[in-house]
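Geometric and topological summary
So the chains spell out like this:
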Amino acid sequence: MSVSIIGMNCRSCKTEIVEFFSLGQMPSINVFLKKEEEFSGEKKYNLSVGFCPKCSLVQIIDTIPPKDLFVDYVYFSAVSTHFLEHCKENAAELTKKLNLGKESLILEIASNDGSQLQCFKDLGVSVLGVDPAKNIAKVANEKGIKTIDEFFSYDLAKKLKEEQNVQADLIFGANVLAHVEGITDFVKGVKELLKPQGTAVFEFPYVRGLVENKFDVIYHEHVFYYSLLALRELFKGADLEIYDVKMTPMQGGSLMFFASHTGAFPIHQNVQDLITKEIESGFDKLETYQKMNENVMGIKKDLLDLLVKIKGEGKKVVAYSASAKGTVLLNYFGINSNYINFIVDKAKAKQGLYTPGTHLLVYPPEKISEEKPDYVLILCWNLADEVMEMQELKNWRQDGGKFIIPIPEVKVV
Ligand SMILES: [Zn+2]
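One numbering rule holds for all chains: residues counted from 1, following each sequence as written. Local features are withheld for residues below a pLDDT of 70 in this predicted model, meaning they are given only at 70 or higher, and side-chain atom pairs are given and counted only at 80 or more; totals for whole chains, interfaces and linings count all residues. Hydrogens are left out, water is left out, and the side-chain values use all remaining heavy atoms of the structure.

The next point concerns the overall build of the chain. A helix here means a DSSP run of H or I that spans at least four residues, while a strand means a run of E at least two residues long, and both kinds are numbered starting from the N terminus. The number of helices and strands found in the chain is 14 helices and 18 strands. Two things to know: the radius of gyration comes from C-alpha atoms, and the globule rule equals 2.2 Å times the number of residues to the power 0.38. Relative to the compact-globule value of 22 Å for 413 residues, the chain shows a C-alpha radius of gyration of 22 Å, a close match. Projected onto its principal axes, the C-alpha positions of the chain cover 65 × 55 × 40 Å. Only protein chains enter the accessibility calculation, which uses a 1.4 Å probe; a residue is then buried when its area is under 20% of its type maximum, exposed when over 50%, and partly exposed in between. A buried classification covers 54% of the 413 residues belonging to the chain. Whether two residues are in contact is decided by their heavy atoms: any pair within 4.5 Å suffices. Contacts in the chain between residues far apart in sequence, at least 24 positions, make up 68% of those at least 6 positions apart. As displayed, the chain offers around 17,800 Å² of accessible surface, 51% of which is attributable to carbon and sulfur atoms. Residues scored as positive are Lys and Arg, those scored as negative are Asp and Glu, and His as well as the terminal groups of each chain are ignored. For this purpose, a charge sits on NZ of Lys, CZ of Arg, CG of Asp or CD of Glu. A distance of 1 Å separates the average location of the 47 positive side-chain charges in the chain from that of its 55 negative side-chain charges. Note on areas: these come from Shrake-Rupley sampling with a 1.4 Å probe, and a residue is covered only by the protein chains present in the view.

Written out as structure tokens, the structure reads:
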């Protein structure tokens, strides 16, 4: 197979990476537009993914500068009930597994509105959050979850250690490790703030999703798609060691891992088991990822054929969820108001705004029962069960409304 050399080095091991999948020009998934006059000036950036032949790390080629990304971030973690349940489970499980108590400190990186830390705090553990989104950190602080509104880095870690004597028993991060471009500096910062017997726990969408056609996890802000193979090398570089791993259902398939200072804990057998499985699955080979191109084209064809057929029958389709996933899928497949009548989202902060790139006006979910479309395209397909059981959609469903689930393959239910 032909490979394109792009003159870019791996952000972990500095070896030259190879591009294997491109989604063309894409706006930032976080920048919703307030009025129609903004459409023509909307910024778009190249979105493509590469593979490191040395450490196997899959990564975005071009990113958007961080200062443009989080200024007015409209995602609040508290909107998904599924997510809140997961936070509670995490808190209970980690507190028990790591023997955390009143004397312990938990530091969460990218702590958002403090939903996860609140669950730890409810169990009597001290908590501290770091989140660069100023508006969201403010919400957390007002709720009594102390949150520093800065990007986490080695410099910030050093400052916290020297000036405030911060040393954590648990450093936790969900969906952050994949988003930080300066990842070696970030991991060095984690090392700096971890107590000698402390554990760092991170959770993020697992790279397996890419080879299972879940291409809508790809966006500029999501810089890395980790395998355990790639992670182990990254952490080794900061003299940290991964000693346990587990799979979780978040984001349609996530990996959670436990890291410590080298030698602090015995390494669980499941670490080696997963490494073996990854090698068997070809996660260390470029060809494995290149297969995405053909597979995703198949989904695009199936979905567009279906939407065209529905339109031909004079029926209506609306989309559910103006999430990152939704934005990526709509833009990459070119699904705009020619196919979709409108889009709904539970997040109040997004309602009344236009979606990035496709410029669909976002309404609250109640709009579905008012307008009674024939189909609802679920863009947050990983939460399809939650959406299909929503009270607001019950009557519409009973009147014959149908759902379209696009990924990992197009189906109507
Ligand atoms: Zn590398």
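Further remarks concern the coordination of the zinc ion. Metal-coordinating donors are taken as N, O and S atoms lying within 2.8 Å of the metal, or within 3.2 Å when the metal is Na, K or Ca; because water is left out, some sites can appear incomplete. In this structure, C10 (SG), C13 (SG), C52 (SG) and C55 (SG) serve as the protein donors to the zinc ion, at separations of 2.3 Å. Any coordination sphere not matching a tetrahedral pattern (four donors, all angles between 85 and 135 degrees) or a square planar or octahedral pattern (four or six donors, opposite donors over 155 degrees apart, other angles between 65 and 115) is reported as irregular. Coordination at the zinc ion is tetrahedral, judged from the four donor atoms that bind it and the angles of 98 to 117 degrees they form at the metal. Counting along the primary sequence, the residues that act as donors to the zinc ion give the motif C-x2-C-x38-C-x2-C. Look at C13 and you get partly exposed, because its relative accessible area is 23%.

The next thing to look at is the packing of helix α1 (residues 81-97) against helix α2 (residues 115-122). All axes here are fitted lines through C-alpha atoms, helices being fitted over the stretch that makes contact, and every angle between N-to-C directions spans 0 to 180 degrees. Between α1 and α2, whose axes approach to 9 Å, the crossing angle comes to 45 degrees. In terms of axis orientation, α1 runs oblique to α2. Two packed elements cross with a definite hand, and for α1 against α2 that hand is right-handed. Together, F83, L84, C87, K88, N90, A91, L94 and T95 of α1 and S115, Q116, C119 and F120 of α2 make up the contact between the two elements. Across the contact of α1 with α2, the residue classes tally to seven nonpolar, four polar and one charged. The scheme is simple: roughly parallel for angles under 35 degrees, roughly antiparallel for over 145, roughly perpendicular for 65 to 115, oblique for anything else. Each crossing gets its hand from how the near helix is turned against the far one by less than a right angle, where anticlockwise is left-handed and clockwise is right-handed. Each residue is assigned to one class: nonpolar for Ala, Val, Leu, Ile, Met, Phe, Trp, Tyr, Cys and Pro, charged for Asp, Glu, Lys and Arg, and polar for all the others, Gly among them.

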